[in-house]
Amino acid sequence: MKVLLAEVNVSEGRNIGLIEEMKSALMEGAVLRLLEVNSDKDHNRTVFTYSGEPEEVLEGTKRLAAKAIELIDMTKHTGAHPRMGAVDVVPFIPARDVTQEEALEVARAFGTFLGSLGVPVYYYEEAATKPERKSLVDIRRGEYESFPEKMTKDEWRPDEGPFEFVPKSGATVTGVRFPLVAFNVNLRTDDLAAAKQIVKAVRAATGGYQNVRAIALEIPDKKMVQISMNLTQYQKTPIHRVFETIKSETESRGILIADTELVGPVPVMALEDMMKFYLRCYSFNMEQLY
């Protein structure tokens, strides 16, 4: 059985009713495995993670996106997490017996569909049509509020959909990527400036680890700040290495780590290095898992 994974990020994490409507649209008549629905009120964002046969994943993603576009009004959206649209980013990840080209076909079919609904769509990562569009960070820089100006410049012509700013839906990024690890570290402080300094120690763009994207976010309800990260190549930059660096940086500032979060599914191989590092269980074999 071919298995394709999708992680659909939508800009709604507070209204449970709307989230349930989107979930119902996704699963309506579908043969999909719903792995997780992760909603964050501070981020005001929900990540739907599911897998299945490529065609089933494509059709489910179409239903989910259409419902999100119907329900979410970006002119009223606020939240700590960077965003540019109601359906913000839609990565497709080959999981089992799915080639990159097959996944690209799904991503492009989805982009064409969403564009037909009047949403500007940009392809990123392996689906990127231009080198400068490979990175999500580069496309989303300036967030939703920057798009009225961006959409007046020819270099921001979308790959699908209208070449104009759409206030209600914003814009969407979709493509194919390697399985990443979404890893957050919550700090027992509300000092955002300190968190930004810690981010510089791990983020690739500021001299940290090549395969780490990171930002510092406020969590007002908890009176804490968060180091929110995507580890884009966990095999090259393992979770424990990033965590130990953050721990060192926080300790040098007298800041405690409250807890951590692994958001969405985690490739089991990403946990092997943590097992060996923290338990010193060097003879551990992944076949021992059941």
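Residues numbered from 1 in each chain as written. Predicted model: local features only at pLDDT ≥ 70, side-chain atom pairs only at ≥ 80, totals over all residues. Heavy atoms only, no water.

Examining the packing of helix H7 (residues 239-252) against helix H8 (residues 272-279)
Inclusion rule: Orientation is described by lines fitted to C-alpha atoms, with helices fitted over the stretch in contact, and by angles between N-to-C directions that extend from 0 to 180 degrees. The way it works is that DSSP assigns letters per residue, a run of H or I at least four long becomes a helix, a run of E at least two long becomes a strand, and they are numbered from the N terminus. Here roughly perpendicular refers to angles of 65 to 115 degrees, roughly parallel to angles under 35, roughly antiparallel to angles over 145, and oblique to all remaining angles. By definition in these notes, contact holds between two residues if any of their heavy atoms fall within 4.5 Å. We call Asp, Glu, Lys and Arg charged. Ala, Val, Leu, Ile, Met, Phe, Trp, Tyr, Cys and Pro are nonpolar, and the rest, Gly among them, are polar.
Running from N to C, H7 and H8 cross one another at 55°; their axes reach a closest spacing of 8 Å. Regarding the angle of H7 to H8, the classification is oblique. Only Asp273, Met274, Phe277 and Tyr278 of H8 make contact with H7, whose side of the interface consists of Ile239, His240, Phe243 and Glu244. Among the residues making up the contact of H7 with H8, the classes are represented as five nonpolar, one polar and two charged.

A closer look at the layout of surface pockets
Worth spelling out the cut-off: Cavity and pocket criteria rest on a 1 Å grid covering protein atoms alone: a 1.4 Å probe that fits but cannot get out defines a cavity, protein on both sides within 12 Å along at least 5 of 7 lines defines an open pocket, and an atom within 4 Å of a point defines a lining residue. Grid points are joined across faces, edges and corners, and a volume is the space filled by probe spheres set on the points.
Roughly 1,200 Å³ of volume is contained in the largest pocket. As for the largest pocket, its lining consists of 48 residues, of which Leu136, Val137, Arg140, Arg213 and Asn230 are closest to the centre. Broken down by element, the residue count for the lining of the largest pocket peaks at four residues, all from strand S8 (residues 212-219). Grouping the amino acids of the lining of the largest pocket by side-chain chemistry returns 19 nonpolar, 16 polar and 13 charged. Quantified by volume, the second largest pocket comes out at close to 430 Å³. Val3, Leu5, Leu35, Ser51 and Ala95 are, among the 18 residues lining the second largest pocket, the residues nearest its centre. Sorting the residues of the lining of the second largest pocket by element identifies strand S1 (3-10), strand S2 (33-40), strand S3 (45-52) and strand S4 (87-96) as the ones contributing at least two each. If one sorts the elements of the lining of the second largest pocket by residue count, S4 sits on top with four residues.

Quick look at empty space enclosed by the protein
Tallied over the entire structure, the rule returns one cavity of 30 Å³ or more. Put simply, the largest cavity is a space of about 30 Å³. Along the walls of the largest cavity sit Met84, Pro120, Phe147, Met151, Glu164, Phe165, Val166, Gly170 and Ala171, which together make up its complete lining. Here the lining of the largest cavity is composed, by residue class, of seven nonpolar, one polar and one charged.

A look at the sheet that holds S4
The cut-off we apply is this: Only when DSSP finds a minimum of two bridges between them are two strands counted as paired.
Spatially, S2-S3-S1-S4-S6-S5 is the arrangement adopted by the six strands of the open sheet, whose pairing is mixed. Of all the strands in the sheet, just S2 and strand S5 (121-125) have a single pairing partner and so form its edges. Between one strand axis and the next, the sheet turns by 15° as a mean value, whatever way the strands run. Where S1 meets S4, six bridges bridge the pair, whose relative direction is antiparallel. Counterpart to Leu4 in the pairing with S4 is Pro94.

Re unusual backbone geometry
Spelled out, the test is: Each residue gets one of three labels from its accessible area relative to the maximum for its type: buried under 20%, exposed over 50%, partly exposed in between, using a 1.4 Å probe on protein chains only.
Residues other than glycine seldom take positive phi values, yet Asp97 does so here, at roughly 60°. For Asp97, the position within the fold is in the loop between S4 and helix H3 (100-116). Under the relative-accessibility criterion, Asp97 is labelled exposed at 55%. One non-glycine residue with positive phi stands out, namely Arg280, at about 55°. When you line up the elements, Arg280 lands in the segment after H8.

Let's talk about the pattern of salt bridges
Note the threshold: The term salt bridge refers to a side-chain nitrogen of Lys or Arg lying within 4 Å of a carboxyl oxygen of Asp or Glu.
This structure, assessed with the given rule, holds 18 salt bridges. Salt-bridge contacts for Glu143 lead to Arg83; the nearest nitrogen and oxygen are separated by 3.3 Å. Of the two residues, Glu143 is situated in helix H5 (residues 143-150) and Arg83 in the loop between helix H2 (54-71) and S4; the sequence distance between them amounts to 60 residues. In this structure Glu143 comes out as partly exposed when scored by relative accessible area, which is 26%. Judged by its relative accessible area of 4%, Arg83 is buried. Each of the salt bridges in this network shares a partner with another, and the network as a whole consists of Arg45, Asp88 and Arg140.

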